[in-house]
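# Structural overview
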Amino acid sequence: MSEPKSVATEKAAAPAPAVQDKTKQARSLTYGIFLAVFILWIYSLWADRVTPMTDMGRVNGEVIRLAPQVSGPVDSIHVANNDAVSKGQLLVAIEKAPFELEVKAAELALQKAAQSYHADSASIEVAKANEAAARAAANNARMQVERYRALLKKGTISRAAMDDSLTQLQTAEASLTQAASTLEKARFEIGPRGEDNPEIQAVLNERAQAQLNLEHTELKAPANGVITNMTLAKGNYASAGQPLLTFINTEQLWLTAMVRENSLAYLKRDDAVKVVFDAYPGQVFTGKITSIGFGSSGNGNLQANAGTGLLESPTSQPSAQRFPVNIQFDDLPPGVSPRYGGRAVVAFYPGHSYLGERLADIWIWAWSYISYVS
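A brief look at the structure comes next. Owing to the predicted nature of the structure, the values given are computational and were not obtained by experimental measurement.

The subject of this paragraph is unusual backbone geometry. Notably, N229 is not glycine yet its phi reads approximately 55°, a positive angle. Along the chain, the position of N229 falls in the loop between β6 (225–228) and β7 (237–238). Of note in this structure, D270 is not a glycine but carries a positive phi near 75°. With respect to the helices and strands, the residue D270 is situated in the loop between β8 (245–260) and β9 (272–277).

Approximately 410 Å³ is the volume attributed to the largest pocket. The set of elements that each furnish at least two residues to the lining of the largest pocket consists of α2 (16–50), β1 (53–66), β8 and α6 (354–373). Of the residues forming the lining of the largest pocket, the biggest block, 5 residues, is contributed by α2. A breakdown of the residues in the lining of the largest pocket according to their chemical character gives 10 nonpolar, 5 polar and 4 charged. By volume, the second largest pocket amounts to about 270 Å³. Surrounding the second largest pocket, 13 residues form its lining, T250, E251, L253, F329 and L332 being those nearest its centre. Elements with a minimum of two residues in the lining of the second largest pocket: β8 and β11 (322–329). Of all the elements, β8 adds the most residues to the lining of the second largest pocket, at 5 residues. Per-class residue counts for the lining of the second largest pocket are 6 nonpolar, 4 polar and 3 charged.

Let us now look at the sheet that holds strand β2 (residues 72–77). With antiparallel pairing, 4 strands are arranged side by side in an open sheet as β5-β4-β2-β7. The sheet is open, and its two edges are formed by β5 (218–220) and β7, each paired on a single side. Note: strand β4 (residues 90–94) against β5, 3 bridges, orientation antiparallel. Considered in β5, the bridge of V92 is made with L219.

This next bit is on the packing of aromatic side chains. Enumeration according to the criterion identifies 6 aromatic pairs in this entry. Of the aromatic side chains, those joined through ring pairs into one cluster are F277, Y280, F285 and F329.

This next bit is on a nonpolar patch on the surface. Taken together, the side chains of L35, F38, I39, W41, I42 and L45 make up a nonpolar region of the molecular surface, amounting to roughly 610 Å² of accessible area. Here L35 is to be found in helix α2.

This next bit is on the pattern of salt bridges. With the rule as written, the count across this model stands at 7 salt bridges. Where K220 meets E218, a salt bridge forms, and the shortest distance between an N and an O atom there is 3.7 Å. The class for K220 is partly exposed, based on a relative accessible area of 43%. Among the ionic pairs, D361 bridges to R358, the shortest N-O distance being 3.0 Å. With D361 and R358 both in helix α6 and 3 residues apart, the pair spans about one turn of that helix.

Our focus in this paragraph is the environment of A223. By the element assignment, A223 lies in the loop between β5 and β6. Excluding residues within four positions of it along the chain, A223 makes contact with V85, S86, K87, F247 and N249.

Tracing the chain through its elements places T54 in strand β1. Classification of T54 by relative accessible area gives buried; the value is 6%. Here M56 takes part through its backbone nitrogen, which lies 3.0 Å from a polar atom of the side chain of T54.

The rules behind each value
Residues numbered from 1 in each chain as written. Predicted model: local features only at pLDDT ≥ 70, side-chain atom pairs only at ≥ 80, totals over all residues. Heavy atoms only, no water. Helix = DSSP H or I, 4+ residues; strand = E, 2+ residues; numbered from the N terminus. 1 Å grid on protein atoms, 1.4 Å probe; cavity = no way out; pocket = protein on both sides within 12 Å on 5 of 7 lines; lining within 4 Å. Points joined across faces, edges and corners; volume = space filled by probe spheres on them. Nonpolar A, V, L, I, M, F, W, Y, C, P; charged D, E, K, R; others polar. Pairing = 2+ DSSP bridges. Phe/Tyr/Trp six-rings, centres within 6.5 Å; stacked < 30°, edge-to-face > 60°. Patch = residues over 30% accessible without salt bridge, like charges linked within 9 Å, V, L, I, M, F, W, Y side chains within 5 Å. Areas by Shrake-Rupley, 256 points an atom, 1.4 Å probe, with all protein chains shown as cover. Salt bridge = Lys/Arg side-chain N within 4 Å of Asp/Glu carboxyl O. Buried < 20%, exposed > 50% of the residue type's maximum accessible area, 1.4 Å probe, protein only. Contact = heavy atoms within 4.5 Å. Polar contact = N/O pair within 3.5 Å; in protein donor to acceptor, adjacent residues only side chain to side chain.

Now the structure itself:
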């Protein structure tokens, strides 16, 4: 009776080694996973320093809110929303009639000022003639006195005649002084001669301003770019200084990547980068760093205490801050045209690890497809 029980016991104990093997395999797999995760964690810390990557890249550029410098109703619109425009191209025209009248009025004022200037010049010539006549009369009276003085010594003339000649001299000299003062006053009132004359200059400035205002009735593209977010219609009133159009300069696009401060240790100007755009899957573009931001306002770390003026220490969100790193594209292939605000993934190559950069090549290649489908 004992033999069958023994056989049953052996049969029950037989699966034990197989269960142990499976347990060992599961334990080995778990250890392997933990080891792989640990290695990836160590690699991510190392790569974050020597070959950092970020998916917080945005295409940046010059965005200009085009505003007129004069006010008036919109007379015509020569561009549609999202149209590509070239430098100097006419975009919007403001009604010109009032400004043309200002130019005409300034030209008439210039003619009037010229006439007044010529009249003042004539008065100066008259004053010069009067001064010359008074000077001649004074010289003649002076010589007359000298002759009478000699004749008085000889007794040829009376003392009364001598006194009359002296009176005539005094009168002539007073007339000369008055004529000279009149000439000086006329010269002072008319001011400098020619175009340096203040009155002429003032009218010339008014005409130049009127002509400039007339030119400003035409709003033109400041560079090659795109007009976007346009809601303008003919007949709208354009106010000076109030934006009418949004212009994006397509010739001055760059990439701004927000990089954690932990990753900035080895980055410097002119370091190479590789870029992936969501709009161009499977393609990797190159560029270089042009500048690295020197400030961040995150986490309240730039907030000053109103009472002491000292910077307040952050009490929340103690994570590393991100700083802007500006990147200039290398020559982009034909047909590649990044759009303002477009997202990009950026890998940096500061030249501190050959192995790290080759691994970064693999990651950025993979991201060129992952970012497109994510």
